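The lines below spell out each chain.
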Amino acid sequence: MATKPSDFFKTLSIIHLALVGGILVFGAITYFNNGSFEANADPNDIFIYVVPIVAAFGYFMSQFLFKKQLQSINRTDELSTKLSKYLSASIVMYALIEGPAFLAIFAYSFSGNALFLVIAIFLVAYLYMQKPAQRKFMDNVPLTMEDKKQFN
């Protein structure tokens, strides 16, 4: 892991961008290969039930686990430990959003149902909004004055 805070945020930003980009590329390829954009609610399609439930679960669990993991960060921990725990919390949050987005795109590729693609788009938009930033870190993690000096 990067030792300087600025390197840490560059690394985390690259990870975040790769995850968002991967979903966007997969979604675009799937859309152009499928070409269908119809909204249909076939009650025999299991994905019509699974995708929204998994998407909602991923969204709420990403927030819950992120906050839970941040609560495990102590003010007295070393800055490197705080950064490491924040990295772990962020990756778990990203994964819990990315997984349902991939499932939604996968379901769209089989059915052509636009609902699944719309769900994936909303999840990707939410994931993008979780973009790492130094300000977010400083607001969410208990920092000492010494920690704050290392950021300047």
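What counts as what
- Residues numbered from 1 in each chain as written.
- Predicted model: local features only at pLDDT ≥ 70, side-chain atom pairs only at ≥ 80, totals over all residues.
- Heavy atoms only, no water.
- Helix = DSSP H or I, 4+ residues; strand = E, 2+ residues; numbered from the N terminus.
- Buried < 20%, exposed > 50% of the residue type's maximum accessible area, 1.4 Å probe, protein only.
- Contact = heavy atoms within 4.5 Å.
- Core = buried A, V, L, I, M, F, W, Y, C linked by side-chain atoms within 4.5 Å.
- Phe/Tyr/Trp six-rings, centres within 6.5 Å; stacked < 30°, edge-to-face > 60°.
- Axes fitted to C-alpha atoms, helices over the stretch in contact; angles between N-to-C directions.
- Parallel < 35°, antiparallel > 145°, perpendicular 65-115°, else oblique.
- Nonpolar A, V, L, I, M, F, W, Y, C, P; charged D, E, K, R; others polar.
- Salt bridge = Lys/Arg side-chain N within 4 Å of Asp/Glu carboxyl O.

Draft legend 1. A look at the overall build of the chain. In terms of helices and strands, the chain carries 6 helices and 0 strands. Helices and strands appear in the chain in the N-to-C order α-α-α-α-α-α. For the chain, the C-alpha atoms occupy an extent of roughly 60 × 25 × 20 Å along the three principal directions. Expressed as a percentage of the 152 residues in the chain, the buried residues total 39%. For the chain, long-range pairs separated by at least 24 residues make up 77% of all intrachain contacts whose partners lie at least 6 apart in sequence.

Draft legend 2. Structural detail: the nonpolar core. Counting 39 residues, the largest nonpolar core has Tyr-86 and Phe-137 as its most contacted members. Elements with a contribution of two residues or more to this core: α1 (5–34), α2 (47–71), α3 (79–111), α4 (114–129) and α5 (134–140). The element best represented in this core is α3, accounting for 13 residues. In this structure Phe-137 touches Phe-9, Leu-79, Lys-82, Leu-83, Tyr-86, Leu-143 and Phe-151, once residues within four positions along its chain are discounted.

Draft legend 3. Structural context of the packing of aromatic side chains. For the structure on display, the rule yields 14 aromatic pairs. Seen from their ring centres, Phe-8 and Phe-9 are 5.0 Å apart, and the 80 degrees between their planes marks the pair as edge-to-face. Comparing Phe-8 with Phe-9 shows no difference in burial state: the two are buried. Taken together, a centroid distance of 6.5 Å and an interplanar angle of 20 degrees make the contact between Tyr-31 and Tyr-108 stacked. In this pair, Tyr-31 sits in helix α1 while Tyr-108 sits in helix α3, placing the two residues 77 residues apart along the sequence.

Draft legend 4. Expanded view of the packing of α1 against α3. At a minimum axis distance of 11 Å, the contact between α1 and α3 shows a crossing angle of 0 degrees. Classified by the angle their axes make, α1 and α3 are roughly parallel. Of the residues contributing to the contact of α1 with α3, the split by class is 19 nonpolar, 7 polar and 1 charged.

Draft legend 5. Region of interest: the environment of Ala-101. Relative to the assigned elements, Ala-101 resides in helix α3. Once the C-alpha coordinates of Ala-101 and Ala-55 are considered, the two residues, 46 residues apart in sequence, prove to be 7.2 Å apart. Here Ala-101 is in contact with Ile-23, Ala-120, Leu-123 and Val-124, once residues within four sequence places are set aside.

Draft legend 6. Fine view of the pattern of salt bridges. Under the defined criterion, the tally for this structure stands at 3 salt bridges. A salt bridge links Asp-77 to Lys-85; the nearest nitrogen and oxygen atoms lie 3.3 Å apart. Judged by its relative accessible area of 16%, Asp-77 is buried. Note that Asp-147 and Lys-82 form a salt bridge whose closest N and O atoms lie 2.5 Å from each other. Remark: Lys-82 occurs in helix α3 and Asp-147 occurs in helix α6 (residues 145–151); sequence separation between them is 65 residues. Classification of Asp-147 as buried rests on a relative accessible area of 5%. Lys-82 sits in the buried class, given a relative accessible area of 0%.

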